[in-house]
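# Per-entry structural report
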Amino acid sequence: GKATLNGAIYIIDWDDVQVGDITTNGAVPITANGNSARSQGLEVSFRASFSRQWSAQAVYAYNQAELTEDATGIVRDQPAFDGDRLPGTPEHQFAMGATYTMPLADSYELSVDYNVAGISDVYTKVGLRGNGEELPGFTVHNLSATLADDQWSAVFYIDNLFNKYAETGVRDDTSFIRDIGNFTLRRYYKHIITPRTIGLKLKYAFF
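Just so it is clear, the model here is predicted, and its values are computed rather than measured.

Within the protein chain, the regular secondary structure consists of 0 helices and 18 strands. Taken over the C-alpha trace, the protein chain has a radius of gyration of 23 Å; the compact-globule value for 207 residues is 17 Å, which it surpasses by more than 25%. Seen through its principal axes, the protein chain has C-alpha atoms that stretch 70 × 50 × 35 Å. In the protein chain, of all internal contacts separated by at least 6 residues, the share reaching a separation of at least 24 is 59%. Counting only carbon and sulfur atoms, one obtains 54% of the accessible surface of the protein chain, whose full area is about 13100 Å². Here the protein chain carries 17 positive and 25 negative side-chain charges, and the mean point of each set is 6 Å from the other.

This brings us to the pattern of salt bridges. Considering all chains together, one arrives at 7 salt bridges under this definition. The salt bridge partner of Glu 133 is Lys 190, with a shortest N-O separation of 3.5 Å. One end of the pair, Glu 133, is in the loop between strand S10 (122–123) and strand S11 (134–135); the other, Lys 190, is in strand S17 (residues 189–192), with 57 residues separating them in the sequence. With relative accessibility at 31%, the residue Lys 190 sits in the partly exposed group. A single network of salt bridges, built from pairs that share partners, joins Glu 133, Glu 167 and Lys 190.

The grouping of Leu 5, Ile 9, Leu 42, Val 44, Phe 46 and Tyr 60 at the surface amounts to a nonpolar patch, some 570 Å² of accessible area in total. For the nonpolar patch, the secondary structure elements donating two or more residues are strand S1 (3–15) and strand S4 (36–49). Of the residues forming the nonpolar patch, the biggest block, 3 residues, is contributed by S4. Structurally, Ile 9 can be placed in strand S1.

Another point: the sheet that holds strand S13 (residues 152–159). Strand order in the open sheet formed by 8 strands is S1-S4-S5-S8-S9-S12-S13-S18, and the pairing between neighbours is antiparallel. Across the chains shown, the open sheet's two edge strands, defined by having one partner strand only, are S1 and strand S18 (197–204). Direction aside, neighbouring strands of the sheet carry axes that sit 10° apart on average. Where strand S8 (residues 92–103) lies against strand S9 (residues 109–119), 11 bridges are found, and the strand directions are antiparallel. In the sheet register, Gly 97 faces S9, and the bridge partner there is Asn 115.

Cut-offs used in this document
- Residues numbered from 1 in each chain as written.
- Predicted model: local features only at pLDDT ≥ 70, side-chain atom pairs only at ≥ 80, totals over all residues.
- Heavy atoms only, no water.
- Helix = DSSP H or I, 4+ residues; strand = E, 2+ residues; numbered from the N terminus.
- Rg over C-alpha atoms; globule rule 2.2 N^0.38 Å.
- Contact = heavy atoms within 4.5 Å.
- Areas by Shrake-Rupley, 256 points an atom, 1.4 Å probe, with all protein chains shown as cover.
- Lys, Arg positive; Asp, Glu negative; His and termini not counted.
- Charge placed at Lys NZ, Arg CZ, Asp CG, Glu CD.
- Salt bridge = Lys/Arg side-chain N within 4 Å of Asp/Glu carboxyl O.
- Buried < 20%, exposed > 50% of the residue type's maximum accessible area, 1.4 Å probe, protein only.
- Patch = residues over 30% accessible without salt bridge, like charges linked within 9 Å, V, L, I, M, F, W, Y side chains within 5 Å.
- Pairing = 2+ DSSP bridges.
- Axes fitted to C-alpha atoms, helices over the stretch in contact; angles between N-to-C directions.

The structure is reproduced here in structure tokens:
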């Protein structure tokens, strides 16, 4: 009972796969249907307790998601083809962490957690067509320390420990950056992860 290992292998066949698109008139965001696609991969998770103080866990996932049939006009009226990678699907994802727990006097307990998680690159559009972009993969580290007893706890945490800058998605594409009359249209922008965040959370149980 000191170690747990779980795993799964999957193959998912999609009919009329859904992807993000925009209307021809007005460029309103919509969900469009392609033809067939396949998502296949594996997932593995592991957890172990090495002693009363130390425990660790790790998760890894591999995913290959792509069209299995040509799709006409799926991205801004442009075709995509069999084998084109689907958007928003990193091929590799992982997370791992370790926890140290130490009992203290008067029923107090100190717990320190360190974890790291990451993903590989992501496409913003099917097969990078229609001004699609490849967003680089990234890794984020987090650290926290918890002091607690039966009624209350205090958690000091640092999320995004090394202040990593990373892009997670886009709105529209670079073709929307253009001059119209006397102003520059900028409907396009990128979403980013939250920068380093340092905080303290207090919790008290009245019952």
